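# Breakdown of the fold
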Amino acid sequence: MNTILLVSAVMVPLLAAFGGLFAFARPHVARLLPFLPLPALLAAIVVPEATRVSSSWLLFSGNWSLDTTRATLLTAMSLVWCIGGWHALTSAETRDRLPSLVLPWTAALAGNMWAAVAHDIGGFYSGFAVMSFAAYALIVHRDTAGARTAGRVYLVFTVLGEMAILCGLLIASHDGAGDSLEGVAAAISTGQDPELISALLLTGFGVKCALLGVHFWLPAVYTNAPSPVRVVLGGAMINAGVLGWLATLPIGSSVATPLALPLVIAGLVAALGAALLGVMKTRAATVLAYSSISQMGLISVLLGVALSAFGARTELLAAITVFAAHHGITKGALFVSIDAIESQSRHWPLFVLPALALTGAPLTSGALSKLMMKHAVYDVGWSWLSPWLSVAAIGTTVLMARALWCAVHHHTITHTGTYAVDDTTSSSRGPSRHPMLAITSTLLVAAAVLWLPRDATGSIGASGSDALALLWPIVAGVGVSALLWQRDVGLREARSNNHVAMATARDTDTAATVTQDVPPSLSAAMRYARLASGAVAHAASAVLETSRAIALGAVAHVESFADPERSEAWLRRHASFSFALLLLLLLVALIVR
Amino acid sequence: MNLGALPVWVLASSLLPAVLIFLLPERTRTARTTLNLSAATLKIVLVGVMTWRVAQGQLTEVRFEMFPGADFVLRADAMACLFAGLSAVLWLFTTIYAIGYLEGAPNRSRFFGFFSMCVASTMGISLAGNLITFLVFYELLTLSTYPLVVHRGSAKALAAGRVYLTYTIAGGAALLLGVALLYGVAGDIEFQEAGSLRAVSESSWPMLRVIFALLIGGLGVKAALVPLHGWLPRAMVAPAPVSALLHAVAVVKAGAFGIVRVVYDVYGIEFAQRLALLLPLTIAASATIIWGSLRALWQDDLKRRLAYSTISQVSYIALGVSLFGPVGTVGALVHLLHQGIMKVTLFYCAGNYAETLGVHKISELDGAGKRMPLTSAAFTIAAFGMIGVPPLAGFVSKWYLGVGALEAGMPWVLVVLVLSSVLNAAYFLPIVIRLWFREQTAQWPEERTYGRWETSAWLLIPTVSTAFFTIAAGVLASFPFSPLQWAILIARRAYLS
């Protein structure tokens, strides 16, 4: 019985994808979208760890089972896929062209589920690749200029990421992992090139879960993808990357890796920097994209800690897993609710609970994961991180306030640059059918705290001191938001009408221009940095960009919104270049070692 | 039936139809089609029986003396079954395809006659038991493919045919010289697992190196190793089924298979390593892989892009051969099959677009996915397979080549593999995006409708079948008698002794 359940978790979506190949079957399959992840959900809940499925006929023997980490993540992922499927059926953006979404949607779902249960290298990597490439079709579903640009950027990063993963797995397999995914961690600990494999896998899977430096595709993609696609990208597929990290990297092994500290620092920079940048954006989905980068920064921090902690495997693994699951469900609910708010702003209360959960308010899944995180970090002696995590929580609060503000004022803000979306779809929306869905997803967030494993701390922030520690960043964040709101940073001009026409006219060709234009004020410095080296270019331009964004925000000039966009497009382009360079450098390291 | 003469039966199952088809008058379409298809089916059965027997360890051999000191040898060994199996399966599909493709075209009798001749030569090449027999069929292949390349008879086709002949005859001459010199050094060389040249005295090692260069040079022409690849993109004027056969089974693959035979069964991989012959081959193959991929990027003609892609992909085989170690061998042999399946699919698709829509250029393919979903799905699968995306066939090859490179202590080959994969993605993904995500902008240049399906069923069935094999060979890679399992069996035998 358990075996059948485990197999059907993957096979049901796969069969649906097969049906999606035929035009006549597509409308029927489309109606099933919310139900296809149910076998996986059931499997995640009831299938015990001991159940194993393997077939000697499959590539690398196929070895499927669910341990605690995978079961937790799979529960979150399949829930998000259910919500996303329901959203796809009801959303004005997708419901009319649903048949064309069926095949990539089911393929991405099947890939995601496959990766979630496969313990062999071939199966996991296959599922991951199928999911990644099918997602392209979901991203460009709207077929606007912005969506195409976003799709292209996504493909470039995905292909490079796949290559990094391939190399990492190849070297690990050669170093003794054979064809088992768990063997990779052992091969990293005992093999001859631990840093190299770790670096390749970190960046490779990092593409999916927005590791600093390979995250550049994410804001453009979240902004331009249809709302249901954002839900599954930001809520479910992102966790496949996290799973890739957790399944392959030697967490809590006895060999410390020199990559741990850089990873922690990169995570902190992402957590704080993304909050700073995200607050400047005018579109709720973009703000949430930056929030994802910021949250994933926290996961990088935890992972960095985990890679340097001797023996603390269980606790850190649990902290990361719970955090990722919580973030997935919450982010899915947030994307659903901003879509509801953008069609009718009176739905704004739906945003509040998931937003509070993400900031870590007491009694939410966020509180649980934040506390697990802090305990884990304390226990292994990285307590200096604690204040920074609180600062990150302030950033999250500000981002949430900003996202809500943008969603409510959706129709009055002018958008420019790559984040400008062809608004014909959203303005011509039919009556909204979202509230029920949004309410459900919000309730899910509320319920999440009940099933997330809690053995690590036993507390969900109900004690006084914990509640205080969780609450003050939120209060501070609300204060900062109020301050920003009062100063009306950069929005007054943006709202004036004469820019609307201009921006709409630009919509069609902005995507083309933004990728080519280099902001003149930055070009000299940035070119110089690029010449120096790809890696230095990352750091330098991120610093430049951040300081620039702060300065521009203070000036509150309308152009401030156009320019960061441009510099970001520049970054996207050159980041992929330097990513390729990094990949090459890693391989050169392999040759000369 | 006398199973001992099985290799002869296999050879005869395409040689006899060739003769019969030449004798049939042009208009007897039904008889010719029946003959073609039943011969192709029979051959699959025969090769299947042969493979089964080889797996059981029964090697069959037929030999007689051509002239004193040189035997004509046909032998069914594991390596022969690998190539014969590929040829037999793809011959059936390509015959079906060609029947649909040439519907109503002139000179079909001539075409199918030479088509069968060409397959007979390929069978001979795979079954040849020594270098001299191999050489005979290798030259026969050149002669039987020339009429196919120039089949359309246009000035362009004739010019391409001339280039083709020049290259292949020069290559054949180098090969002949190599074989003759080797005969002088070591006598009649039989193909034999783990090679047979180890016994040659050390004083003639320099000579053996020269001979190796000659043999690989001669074979490299057909295998399209850079800089000997010039004929291949030009031969694109041939009809689509011919291109499919040329690229997947017959000519290019014959060259690659020859390299496999020379390294494993003449020199022996361990002896070749001792003679330091493998590294130059690795370098030549790597250069070809990169060069072919780079050139493919700039082609707008679909078949030309596929041709440069072949140059690059076939060299994966030579690359795997040159990686010392059983894993590299598995990579090479499995890619011999996988590249055939995937590339034949791509050429079928190119032919479908050309026949149905009149589209030859990539820039005209916008929106073709809507008009021809099955063909475009097949193209997408094969293209992803070529890039090496799991769980498709190409990934299995790439994985074994990668691990093989590491085992052989040549991690720099990984850079070649990654670079080539990225380039593959760069020239295949834009086509896939055009097919599915761009709206059709102009009328199709020359559209034909075929009733119920998007194109003729004769064209569609082979395309979809080989695309299915591309998935199956990857997902079910551990299935008994899968390409991977057969390659592992051969590799085990090549290294055990």
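Residues numbered from 1 in each chain as written. Chains lettered and ligands numbered in written order. Predicted model: local features only at pLDDT ≥ 70, side-chain atom pairs only at ≥ 80, totals over all residues.

### Details of the overall build of chain A
For chain A, the helix and strand inventory stands at 25 helices and two strands. A burial count over chain A gives 62% of its 593 residues as buried. Considering only residue pairs separated by 6 or more positions, chain A has 81% of its internal contacts joining residues 24 or more positions apart. (Helix = DSSP H or I, 4+ residues; strand = E, 2+ residues; numbered from the N terminus. Buried ≥ 20, exposed ≤ 12 C-beta atoms within 10 Å, placed from the backbone. Contact = placed C-beta atoms within 7 Å.)

### Remarks on the overall build of chain B
If you tally the helices and strands in chain B, you get 20 helices and two strands. Here the C-alpha radius of gyration of chain B, 21 Å, is about what a compact globule of 497 residues would show, namely 23 Å. Counting only C-alpha atoms, chain B reaches 70 × 55 × 45 Å along its principal axes. Classification of the 497 residues of chain B by burial places 62% in the buried group. Considering only intrachain contacts with a sequence separation of at least 6, the fraction spanning at least 24 residues in chain B is 80%. (Rg over C-alpha atoms; globule rule 2.2 N^0.38 Å.)

### So, the interface of chain A and chain B
Each partner contributes residues to the interface: chain A has 23 residues there, and chain B has 25 residues. Broken down by secondary-structure element, the contributors of at least two residues to the side of chain A that touches chain B are helix 6 (121-139), helix 7 (145-177) and helix 25 (559-592) of chain A. Split by residue class, the side of chain A that touches chain B holds 17 nonpolar, six polar and no charged. (Nonpolar A, V, L, I, M, F, W, Y, C, P; charged D, E, K, R; others polar.)

### Some remarks on the pairing of strand 2 (residues 70-76) of chain B
All names here are of chain B. As defined by bridge partners, strand 1 (residues 60-67) adjoins strand 2 across seven bridges and the pair is classed as antiparallel. By the bridge assignment for strand 2, valine 62 is matched with leucine 74. Connecting strand 1 to the antiparallel partner strand 2 that follows it, the hairpin turn spans two residues, and glycine 69 within it adopts a positive phi of roughly 90°. (Pairing = 2+ DSSP bridges.)

### Things to note about unusual backbone geometry
In this model, B:Val226 is joined to B:Pro227 through a cis peptide bond whose omega is 5°. Mapped onto the elements of the fold, B:Pro227 is located in the loop between helix 7 (205-222) and helix 8 (231-234). In this structure, the amide linkage connecting B:Pro390 to the following residue, B:Pro391, adopts the cis form with an omega of 5°. Turning to its location among the elements, B:Pro391 is positioned in the loop between helix 16 (373-387) and helix 17 (393-407). The phi dihedral of A:Asp143 falls on the positive side, at around 60°, and the residue is not glycine. Relative to the helices and strands, A:Asp143 resides in the loop between helix 6 and helix 7. Residues other than glycine seldom take positive phi values, yet B:Phe481 does so here, at roughly 65°. One can find B:Phe481 in the loop between helix 19 (457-475) and helix 20 (483-496).

### Considering the packing of helix 13 (residues 284-308) of chain A against helix 17 (residues 385-408) of chain A
Two packed helices can be described by the angle between their axes and the distance between those axes. All names here are of chain A. Where helix 13 contacts helix 17, the two axes come as close as 8 Å, and the packing angle between them is 165°. Here helix 17 runs roughly antiparallel to helix 13, going by the angle between their axes. Between helix 13 and helix 17 the crossing geometry is left-handed. Facing helix 13, whose interface residues are Ala284, Val287, Leu288, Tyr290, Ser291, Ser294, Leu298 and Val301, helix 17 presents Leu385, Ala392, Gly395, Thr396, Leu399, Arg402, Ala403, Cys406 and Ala407. Residue composition of the contact of helix 13 with helix 17, grouped by class: 12 nonpolar, four polar and one charged. (Axes fitted to C-alpha atoms, helices over the stretch in contact; angles between N-to-C directions. Parallel < 35°, antiparallel > 145°, perpendicular 65-115°, else oblique. Left-handed = near helix turned anticlockwise from the far one by under 90°.)

### A word on the nonpolar core
The nonpolar side chains of a soluble globular protein tend to be buried, and buried together. Core analysis: the largest hydrophobic core is formed by 402 residues, its most contacted members being A:Ile139, A:Leu302, A:Ile320 and B:Leu82. Those residues in contact with A:Ile320, other than ones at most four positions away along the chain, are A:Leu246, A:Ile299, A:Leu302, A:Leu303 and A:Ala306. (Core = buried A, V, L, I, M, F, W, Y, C linked by C-beta atoms within 7 Å.)

### Things to note about the confidence of the model for chain B
With 99% of its residues at a pLDDT of at least 70, chain B reaches an overall mean of 90. Interface confidence for the predicted complex, given as ipTM, is 0.91, next to a pTM of 0.88. (pLDDT = per-residue confidence, 0-100.)

### Regarding the packing of helix 1 (residues 2-20) of chain A against helix 3 (residues 38-46) of chain A
Residues and elements named next belong to chain A. At a minimum axis separation of 8 Å, helix 1 and helix 3 run at an interaxial angle of 155°. As far as their axial angle goes, helix 3 and helix 1 are roughly antiparallel. Seen along the crossing, helix 1 lies across helix 3 with a hand that is left-handed. From helix 1, Leu5, Leu6, Ser8, Ala9 and Val12 reach across to helix 3, where they touch Pro39, Ala40, Leu42, Ala43 and Val46. Considered class by class, the residues forming the contact of helix 1 with helix 3 number nine nonpolar, one polar and no charged.

### Quick word on helix 14 (residues 313-343) of chain A
For an α-helix the count is 3.6 residues per turn, leaving residues at separations of three or four pointing the same way. Relative to the 45 Å expected for 31 residues at 1.5 Å per residue, helix 14 of chain A spans 45 Å between its end C-alpha atoms, a close match to the ideal helical length. Of all 31 residues that make up helix 14 of chain A, 29 are buried, and the element is covered over most of its length. (Expected span 1.5 Å × (residues − 1).)

### Regarding the environment of A:Ser300
Residues and elements named next belong to chain A. Residue position: serine 300 is located in helix 13. Exposure remark for serine 300: the 28 C-beta atoms within 10 Å place this residue in the buried category. On a C-alpha basis, the gap between serine 300 and glycine 19 in space is 39 Å, while along the polypeptide they are 281 residues apart.

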